[in-house]
Amino acid sequence: MVTAVRRIVLWAMSTLTALVLVLGYHTSTSSQMASVESSVLAPVSGSTSSGSGSSSGTPSSSGTGDGTSAAAVTVTGDRVQTRWGPVQVQVTVQAGEITDVSVPQYPDDNGRDRQINARALPILVSETLDAQDAGIDMVSGATVTSEGYVESLQSALDEAGL
Amino acid sequence: MSAVVRPPARRVEHVMGMPISLALRGRHTDDTAARAAWEAALAVLREADRVFSTYRPDSCISRLGRGEIGPEDCPPEVAEVLALGAAAERRSGGAFAVHRPGPDGAAVLDPSGVVKGWAVERAAAALEALPETDFCLSAGGDLTCRTLHDDAAPWRIGIEDPADPRRLTAVVPVRTGAVATSGAAHRGAHVVDARTGRPPAGVASVTVLAASLTWADIDATAAYAQGPDAARWLETLPGRSGLVVWADGSTTVVEPVLPAG
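Residues numbered from 1 in each chain as written. Chains lettered and ligands numbered in written order. Predicted model: local features only at pLDDT ≥ 70, side-chain atom pairs only at ≥ 80, totals over all residues.

Chain B is annotated in an unreviewed UniProt entry as FAD:protein FMN transferase of Trujillonella endophytica. According to the UniProt record, the Cofactor (unreviewed entry) comment for chain B reads "Mg(2+)". UniProt, in its Catalytic activity (unreviewed entry) section for chain B, records the words "L-threonyl-[protein] + FAD = FMN-L-threonyl-[protein] + AMP + H(+)". (UniProt positions renumbered as here; feature names shortened; annotations may be inferred.)

Looking at an unreviewed UniProt entry, one finds chain A named FMN-binding domain-containing protein, with Trujillonella endophytica as its source organism.

Spelled out as structure tokens, the structure:
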């Protein structure tokens, strides 16, 4: 198996092509967003949280689940403190199935969103690129299952470090 | 510049049916502290699997989904995850949802789209406790990295080519932050647009960078589910950057919206 993985890596090496540095690829949409960013993530409904502050969550009286059927039961959970802020959840159960999950109070991740600005570095796009020559530490891709792992680039990287 | 750079120490274990890969560099890479932090990280993932697995009929999430128990009977993490899912549903206009249509048409509670990134971010807290040590922790292709010193080289993250998972389509250097990718390359069409119940069209994969792996994972899935609108939607999220690979192989880079001045 290891040999097969190495072969894949070697094969990929032969197809290395030049990198293209993509910089300044701002679309008109993204520059416009900068001026309105506070409104983009504003809670649409059912939450009173903003920034780091939070007020006690009064469940919104939207009547979720009420009136649609006599069998619907809405249960409100306790308010829970999470690392993103206080959270409260309502679950509506009807005929043994959850029909709705609503969150009278949910966390606001604006603060954490902004942290990445200083840390996001340019993405280098290439048509084909090999993991070894590119000096890759990890691979991000569609979820690799344990079954598919042995054939993945990530497993080649992991092998190389063992 | 002339300092010898040693390759990071690496470990792999399989939890939740996924490979969990760790790279460590710095003071604690292969000592007792490193091993203990690794075991603690794996324990967090195993516990998340026990509570949230939709494959286990006796998990809290399965029992909650059948209406046998309420959220107050579950560990507080369940409320946290459902809240994250509801927030994601709201800001994606319903493309992302923690319910999916079951075989009989009734809604099935399935917060898997939230749990993975969230659980790995929690697991990484055990590694953050390692002094003078940089790490990169990946669960099946979604990862979170830390680099303590600005003069250290960033972690170099390869983004898989969705058309050929043996190749990379891009590289993104990350010092501290998370990278998550959603696509159909390995498991087939398992993500659907919750508004239509159908797999998205036109998009091959979406990679999102964010400070938090929880949100990188959620936003990658939510953007992917929106098919042709993936890049446009990502651009509306302040602070997000990412890469959309379209079905025809072309790409769109989404740059972070930088604060003015």
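Let's pick the thread back up.
Draft legend 1. Spatial organisation of the sheet that holds strand S11 (residues 241-246) of chain B. Strand order in the open sheet formed by eight strands is S1-S2-S5-S6-S9-S10-S11-S12 (chain B), and the pairing between neighbours is antiparallel. Both edges of this open sheet fall to strand S1 (9-15) and strand S12 (251-254) of chain B, since each of them pairs with a single strand only. Across the sheet, the mean angle from the axis of one strand to that of its neighbour is 10 degrees, orientation sign disregarded. Summarising the sheet, strand S2 (residues 18-26) of chain B and strand S5 (residues 133-139) of chain B pair through seven bridges and their orientation is antiparallel. By the bridge assignment for S5(B), Leu22(B) is matched with Leu137(B). Of the strands in this sheet, S1, S2 and S5 of chain B touch helix H6 (residues 153-160) of chain A, which is tilted by about 40 degrees from S2(B). Helix H5 (residues 213-225) of chain B contacts strand S6 (142-146), strand S9 (177-183) and strand S10 (203-210) of chain B of the sheet and is inclined by roughly 155 degrees relative to S10(B). (Pairing = 2+ DSSP bridges. Helix = DSSP H or I, 4+ residues; strand = E, 2+ residues; numbered from the N terminus. Axes fitted to C-alpha atoms, helices over the stretch in contact; angles between N-to-C directions. Contact = placed C-beta atoms within 7 Å.)

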